[in-house]
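Fold and geometry: a report
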Amino acid sequence: MRNLALFRRVFCSTLFLCWAVASLAAVGKPAPNTKEEVLGERASDAKPGEPQIFLPFPPEGQDALDVVSPDGEQAAWMDSRDQKWAVMVNGKRQGSEYDQVKWLVFSPDSGHFAYFGRNGKKWTAVIDGQPGKAEYDDLEYGVGFSKDGQHYAYAAKRAKKWLIIRDGMESSEYDEVGGPSFSPASQRLVYPYRLGSRSWNVSFDGKDIWPDPGVGGALFGFTPRTEKPIVLGVKLKTSRAVTRLFIPIGGDFLNSTFFIGEKAAGPSFAALSQPIIWGENDEHVLYSGSNTNVKLAKRNAALGQVIVDGKPGPEYEAAPQPVVKAFLKGTDLILPTGVRRLESRWYGVSSPTATPDGQHVAYSVRRPEKDYVVIADGRQSPSFEAIPCGPAFGPDGTLWYVGFTGGKLTLVSDGKRLAEWTWENWKDTDHCADFQLWEAGHSTFVIEQGWDLFQDYHPERLHGDLEPPPNAQTGKRQLFVDGKPGKEYDAVSLKVIPPQIAGNEIHIAYVVHGDKGHNGAFTVLDGEEGKTYDAIAAGRRALSPDGTVRYVARRGLKYFRVTQTH
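Described in the following lines is the structure provided in the data block. (Residues numbered from 1 in each chain as written. Predicted model: local features only at pLDDT ≥ 70, side-chain atom pairs only at ≥ 80, totals over all residues. Heavy atoms only, no water.)

Moving on, we get to the overall build of the chain. A count of helices and strands for the chain gives three helices and 48 strands. Across the 566 residues of the chain, 50% fall into the buried class. For the chain, long-range pairs separated by at least 24 residues make up 44% of all intrachain contacts whose partners lie at least 6 apart in sequence. When the accessible area of the chain is evaluated, it comes to approximately 26,400 Å², of which 52% is carbon and sulfur surface. (Helix = DSSP H or I, 4+ residues; strand = E, 2+ residues; numbered from the N terminus. Buried < 20%, exposed > 50% of the residue type's maximum accessible area, 1.4 Å probe, protein only. Contact = heavy atoms within 4.5 Å. Areas by Shrake-Rupley, 256 points an atom, 1.4 Å probe, with all protein chains shown as cover.)

Pasting the structure below:
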């Protein structure tokens, strides 16, 4: 019996030792120092109804259970209790309980928070916990805040008419409206509307600036210096989205009839890049566009060109794509359309780039048989088999891009090859994401494998919500810092936080979502992996000079503000 007892003790000790060794091996090196502050806990995972899309380009976040403020310090979430809904910010209830809530949004300065709530058949806007005095039959697009957070606007429906509510004041009645946007200086408001038998118009500070432009849905922007409005309009024609750019240039834009778009020389495109506006008086505009080119019954390609000040450049043909794949992905145009970042591989030309002073312009194009070049100020770079990243101008005006040829990826800066690394073959499922240029000549980008061009979602949504999209797919993700590859992850996304730079040193933090090895999300700080959560959202200034990173995270139904250090 004594021998049997001794055997049991030895056996159990051996099992414990093996378990401990295995556990240490699984964990690897300890995580950096992490401090968690509990913000609150959600009651359930239920959602209050399905989202309703009114125009092709509404703000994201209507159906998000939770959102995070731009500074990364506050989390807001929907909470369901006893068939009623409440909205919480850092665990504190905002306003009353409602039958339904939607469109959770923080102001750009993170100082204000708003959402829409419904009781019975009437909706109200709740801003900083205070419901509006007026009730409406419907509210859409979320509350749009000015950059300084001092003004707000939203779209409301009463009976069969729509209005724009600006700082509590109602506009005229319209048959349809789009979401309102404020100018960078926070004073001017622009939105599209339709009234009667007329097509869409655009209101800018209460004045009509584009009578009947044919805009069926729009994204808005403003020129950076003179604050003229930019409208990227979409019209549905034979089930295909045709994208147009409208921007008045020269003279008094309120009375101007000269446009880049269907009213002037600018052509229409199925896919259109965001415009780049430059010059002392915003007198120049640059963008690229692409249309489908049906060549054969089984394979199609796209034709792209760059538009400079309304003048189209030469056409370049993209890589052919199978019609069947496009059909199965639910599009009749071969490629995803609308306003988006264009790549020369798929669209013939890339989204262009320009220096702020307007002295230099660059973009990449595809020539026949896997022949890609960067065209900078009219001059062509050496030929590559692919140009996955860029081109882009850095803060000092240096031109950067990444090319692939001969089994190697090469980081190029002003024509000089700064770094090379082996890449067996650049495939259709490989992708360069988040190409960023920083001060002192530093660069970061992410190479994604297993990427699907037709999987059109963004894991980091407009307001940083923590609910990953249901169609999110994993793939190989690898961060390159100054051309040097980091650890490879099999994840949904890898998102770089703006780094801290001191001389030649660069401190890097990034968030990895959906990694298979960790079964969740975690933050990597200068190469050290932090704790694993279900989801993480970091603000614009999450990484501090002392090497500390702060972010909001969720594990289960509980929310934390996390401080992570070395």
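Resuming the write-up.
Here we take up the sheet that holds strand β12 (residues 161–166). Pairing between the strands of a sheet is mediated by backbone hydrogen bonds and can be parallel or antiparallel. Spatially, β10-β11-β12-β13 is the arrangement adopted by the four strands of the open sheet, whose pairing is antiparallel. The outermost strands of the open sheet, each flanked by one partner alone, are β10 (138–145) and β13 (169–170). Here β12 runs beside β13; their pairing, made up of two bridges, is antiparallel. When the sheet's bridge partners are listed, Arg-166 is paired in β13 with Met-169. (Pairing = 2+ DSSP bridges.)

Attention now moves to the nonpolar core. One finds Leu-409, Trp-421, Trp-423, Phe-435, Phe-445 and Ile-447 to be the most contacted residues of the largest nonpolar core, which totals 18 residues. Counting residues per element, the ones that place at least two in this core are β34 (386–393), β35 (399–405), β36 (408–413), β37 (416–422), β38 (431–437) and β39 (443–448). The next biggest cluster of nonpolar side chains, apart from the first, holds 15 residues, and it includes Ala-125, Tyr-154, Ala-156 and Ile-165. (Core = buried A, V, L, I, M, F, W, Y, C linked by side-chain atoms within 4.5 Å.)

With respect to the secondary-structure elements, Ser-107 resides in the loop between β6 (100–106) and β7 (113–119). Engagement of the side chain of Ser-107 in a polar contact is seen with the backbone nitrogen of Gly-111, the distance being 3.2 Å. Dropping the residues within four chain positions of it, Ser-107 is found in contact with Pro-70, His-112, Phe-145 and Gly-149. (Polar contact = N/O pair within 3.5 Å; in protein donor to acceptor, adjacent residues only side chain to side chain.)

Now for the pairing of β10. For β10, the tally of buried residues reaches eight of eight residues, placing the bulk of the element in the interior. One ladder, built from five bridges, connects β10 with strand β11 (residues 152–158); its direction is antiparallel. Bridge pairing in β11 links Gly-144 to Ala-153.

With antiparallel pairing, the four strands of this open sheet are ordered in space as β2-β3-β4-β5. Both edges of this open sheet fall to β2 (66–68) and β5 (92–93), since each of them pairs with a single strand only.

Turning next to the packing of aromatic side chains. The final tally for this structure, using the stated rule, is 18 aromatic pairs. With 5.1 Å between their ring centres and 5° between their planes, Phe-445 and Phe-480 make a pair best called stacked. In this pair, Phe-445 is assigned in strand β39 and Phe-480 in strand β40 (residues 475–481), connecting sequence segments 35 residues apart. Pairwise contacts between aromatic rings join Tyr-98, Phe-106, Phe-113 and Tyr-115 into one cluster. The aromatic ring of Trp-123 is capped on one face by Lys-102, whose charged end is 4.4 Å from the ring centroid. (Phe/Tyr/Trp six-rings, centres within 6.5 Å; stacked < 30°, edge-to-face > 60°. Lys NZ or Arg CZ within 6 Å of the ring centre and 35° of its normal.)

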